[in-house]
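Each chain is listed here by its residues.
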There are 2 protein chains.
Amino acid sequence: MKSDSIFYKGKRRRDFAAQILQAAEKLFAKKGFYPTTIDEIAKEAKSAKGTIYLYFNNKEDLFFSVIETKLDLLLDKIQEAVEKPGSASQRIKTAISIHLKFLEENKNFFKVMQSLPEGLKKKLERKLKGRVVEKQSRYIEILDRLIQEAINRKEIKALDSKKLAVILMGIVHSLTVYWISQREKKSLSSDKSLAWQVFWEGVSKE
Amino acid sequence: MKSDSIFYKGKRRRDFAAQILQAAEKLFAKKGFYPTTIDEIAKEAKSAKGTIYLYFNNKEDLFFSVIETKLDLLLDKIQEAVEKPGSASQRIKTAISIHLKFLEENKNFFKVMQSLPEGLKKKLERKLKGRVVEKQSRYIEILDRLIQEAINRKEIKALDSKKLAVILMGIVHSLTVYWISQREKKSLSSDKSLAWQVFWEGVSKE
DNA sequence: TAATACTGACTGAATGGTCAGATAATTAGC
DNA sequence: GCTAATTATCTGACCATTCAGTCAGTATTA
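Residues numbered from 1 in each chain as written. Chains lettered and ligands numbered in written order. Predicted model: local features only at pLDDT ≥ 70, side-chain atom pairs only at ≥ 80, totals over all residues.

Colleague: An account of helix α5 (residues 88-105) of chain B is needed here, citing residue identities and associated values.
Modeller: Over its 18 residues, α5 of chain B extends 26 Å from the first C-alpha to the last, a length consistent with the 26 Å expected when each residue adds 1.5 Å. All of the buried residues in α5 of chain B are S89, R91, I92, A95, I96, H99, L100 and L103 of chain B. (Helix = DSSP H or I, 4+ residues; strand = E, 2+ residues; numbered from the N terminus. Expected span 1.5 Å × (residues − 1). Buried ≥ 20, exposed ≤ 12 C-beta atoms within 10 Å, placed from the backbone.)

Colleague: Please give an account of the confidence of the model for chain A that cites residues and values.
Modeller: Here chain A shows a mean pLDDT of 80. Residues at 70 or above account for 75%. Averaged pLDDT values for the elements of chain A fall to 54 in helix α7 (residues 118-127) of chain A and rise to 96 in helix α2 (residues 38-44) of chain A. (pLDDT = per-residue confidence, 0-100.)

Colleague: Provide a residue-level description of the environment of A24 of chain A, including the pertinent values.
Modeller: Residues and elements named next belong to chain A. Residue placement: A24 occurs in helix α1 (residues 16-31). Take A24: there are 25 C-beta atoms within 10 Å of it, and that puts it in the buried class. Once the C-alpha coordinates of A24 and Q79 are considered, the two residues, 55 residues apart in sequence, prove to be 27 Å apart. Apart from the residues lying within four places of it in its own chain, the contact partners of A24 are I41, L62 and V66. (Contact = placed C-beta atoms within 7 Å.)

Colleague: Outline the packing of helix α4 (residues 59-83) of chain A against helix α5 (residues 88-105) of chain A, supporting the account with residue identities and numerical values.
Modeller: A packed helix pair is summarised by two numbers, namely the angle formed by the two axes and the spacing between the axes. All names here are of chain A. Across the interface, α4 lies against α5 with an axial gap of 9 Å and an inter-helix angle of 155°. One element, α4, and the other, α5, form an angle in the roughly antiparallel class. Of the two elements, α4 crosses α5, and the hand of that crossing is right-handed. Facing α4, whose interface residues are L74, K77, I78, A81 and V82, α5 presents R91, T94, A95, I98, H99 and F102. (Axes fitted to C-alpha atoms, helices over the stretch in contact; angles between N-to-C directions. Parallel < 35°, antiparallel > 145°, perpendicular 65-115°, else oblique. Left-handed = near helix turned anticlockwise from the far one by under 90°.)

Okay, structure coming up:
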């Protein structure tokens, strides 16, 4: 029984789970959820349609498995980096840096996240008990905790820390969207100082 | 022939174009593009399915007409406000203020925009020659011009004005997403000072 | 009576998911 | 070791459903 998600173990001919996830990621990223068909994914993964249903319960389950896998990867990286010693503000800077770098290396994945339509999110939130939505907010929580710490240490102003986390994520996010729309000429990572500068000291000339 | 879009004129029994647009806005906002069916829209608009095809060429055309209509409304409002005299920074503040207020009054519309999946955007970009995408960037251009002016007048630092416009939009956007996810307890407009403060002077304690 | 506006049953194509059977791996019997 | 029997894995033709778009016909207005 495949139950909740991926990975039953037995003898496999090839590692279909991984292959299917990869194919799904690629296609969902390119076309979005609804326009991507299971037949296409099967073809891309060089498997039969039925095989997909051996590893995943249905299309939605597959979609969320793709997102979940990647998101875990990003969050683990950020979490790890943030646990290293340093000033709170320095660690916030590091988090931004890792985030931007990760997005740059995972354009495909980022596009999947972008293309998550509100309606689908809502519908699946119920079905999947917010597995993904929960994860999205884990990022905000990490930033939130850092910012709170920075406030306690009087490194930054005592504003609403959660909203500041949201704003910071918004800055990073918008730069990424812009970067993608600009056909990716320059490196996205190079914008990390700009993001930081605006967040840190604003645009005003004193 | 209905050709490019809405509005042929002749004697109508009722104002179907407007009714259909309104119904479509509501449903697309609630469910996203693909899960919303033409039958549902017809029912909501109290018209027959065929009538919709009298006013719009197809589902995509209808979808983009909804967005276009609303987006024009917002942009006109901002444009108008921004043309009034005042310091550049004051006018930027006004733009933020109007934007947040508009989103608050048009939750439904905002959700439609949110749910525009990347794949659909791409596909239709070609078909519709970027009618909508173009409009989205008109907002950035308005901000860009204001920021450039502020830089010239030495009101703010000489950073990349376009990227600053993108960042500012990102701040507003992320606060809105957060506001919606929080089930809309407090007014979104009340966050305009926070958005402005961060953008203007950052979070640093000098 | 003619022209225009509207209707909704119908159609054809697309596609998510199934399942009976094919294929390969593993084990049992010799 | 080798083959047969058993189990695990995989396949893709098929089915059921959904839905965008059509069009012959009805209602309304001029």
